[in-house]
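Notes for the structure review
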Amino acid sequence: TQPYAPGVLADQPLFYWNFDEESGNALQLAPLTVGAVRNDLLPLGEASRIDHTASGTGLALGQAAHIPEGGYFGISQLVVTNAAISAPWLIEFWMQAEGDLVTHPRNDYLINIGNNTPAVLYDYVGASTSGGIELFHNATRTGSGPAIVDPAWHHIILAYYGDGAS
């Protein structure tokens, strides 16, 4: 089978991070052009890395983002070659929830780009779904999303169409 990162990069995403670094910033891996601007994501609020092998996931994927309560990866502003990224666009990632959401709700950002334009929220106050994943963009939240409350790995894709639907 083909390793995951080369498969993603073959689709030429506008941005790509895989969190496979040992620690520190999540390095921007795409676009892979000469002189590409680095939009590295900073670990904030005790966000760090976790090794798949050491954590017993059974996945041979190297490092992953570890986002404890209150932690997230963020960047104050994405630098792009054009003025804006026009819709539609999507954010795709894999995640595994930690802890018990029934006894300890999370109320977290997972990713925050450019002061909530966009941001990905997890189990956030006011959501209609406990353990829900939400997209926050242009001062609007989806309010609901798939609930991630078990310890399994989940493939998440959030689409923004630019017409108020997501």
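Please read these numbers as outputs of a predicted model, since none were measured by experiment.

Calculation rules
Residues numbered from 1 in each chain as written. Predicted model: local features only at pLDDT ≥ 70, side-chain atom pairs only at ≥ 80, totals over all residues. Heavy atoms only, no water. Helix = DSSP H or I, 4+ residues; strand = E, 2+ residues; numbered from the N terminus. Buried < 20%, exposed > 50% of the residue type's maximum accessible area, 1.4 Å probe, protein only. Contact = heavy atoms within 4.5 Å. Areas by Shrake-Rupley, 256 points an atom, 1.4 Å probe, with all protein chains shown as cover. Salt bridge = Lys/Arg side-chain N within 4 Å of Asp/Glu carboxyl O. Phe/Tyr/Trp six-rings, centres within 6.5 Å; stacked < 30°, edge-to-face > 60°. Patch = residues over 30% accessible without salt bridge, like charges linked within 9 Å, V, L, I, M, F, W, Y side chains within 5 Å. Polar contact = N/O pair within 3.5 Å; in protein donor to acceptor, adjacent residues only side chain to side chain. Pairing = 2+ DSSP bridges.

**A look at the overall build of the chain**
The secondary structure content of the chain amounts to two helices and 10 strands. Split into buried and exposed, the 166 residues of the chain put 36% on the buried side. Once local pairs closer than 6 in sequence are excluded, the contacts in the chain between residues at least 24 apart make up 47%. Accessible surface, the chain as shown: approximately 9,600 Å² in total, 56% of it carbon and sulfur.

**Let's talk about the pattern of salt bridges**
Under the counting rule described, the total for this entry stands at two salt bridges. Of the charged contacts, one joins R49 and E21 as a salt bridge, the two residues approaching to 2.9 Å between their closest N and O atoms. Residue R49 is located in strand β2 (residues 48-51), and its partner E21 is located in the loop between α1 (4-10) and β1 (42-44); the two are separated by 28 residues in the primary sequence. The class for E21 is buried, based on a relative accessible area of 15%. The salt bridge involving R141 is made with E134; its shortest N-O contact spans 2.7 Å.

**Observations concerning the environment of V8**
By secondary structure assignment, the location of V8 is in helix α1. Sequence separation of V8 and N18 is 10 residues, and the distance between their C-alpha atoms is 9.9 Å. Setting aside its immediate chain neighbours within four residues, V8 contacts P13 and Y16.

**Observations regarding the packing of aromatic side chains**
Applying the stated criterion to the full structure yields five aromatic pairs. Judged by centre distance (6.1 Å) and plane angle (45 degrees), the rings of Y72 and Y109 are tilted. Residue Y72 is found in strand β4 (residues 72-75), and its partner Y109 is found in strand β6 (residues 108-113); the two are separated by 37 residues along the sequence. Linked through ring pairs, Y72, Y109 and Y124 together constitute an aromatic cluster.

**A short note on a nonpolar patch on the surface**
On the surface, a cluster of nonpolar side chains totalling about 390 Å² of accessible area is made up of Y4, L59, L61 and W94. When you line up the elements, W94 lands in strand β5 (residues 89-96).

**Thoughts on the side chain of Q28**
By secondary structure assignment, the location of Q28 is in the loop between α1 and β1. With relative accessibility at 7%, the residue Q28 sits in the buried group. Of the polar contacts made by the side chain of Q28, one reaches the backbone oxygen of A30; its length is 2.6 Å.

**Notes on the sheet that holds β1**
Read across the sheet, six strands follow the order β1-β4-β6-β7-β8-β9 without closing on themselves; strand pairing throughout is mixed. Of all the strands in the sheet, the pair left with one neighbour each is β1 and β9 (140-141). As paired elements, strand β7 (residues 119-122) and strand β8 (residues 133-137) share four bridges and run antiparallel to each other. Across the sheet, the residue bridging to L121 is E134, located in β8.

**Focus: the environment of I50**
On the secondary structure map, I50 appears in strand β2. Spatially, the C-alpha atom of I50 lies 9.1 Å from that of D20, the residues being 30 residues apart in sequence.

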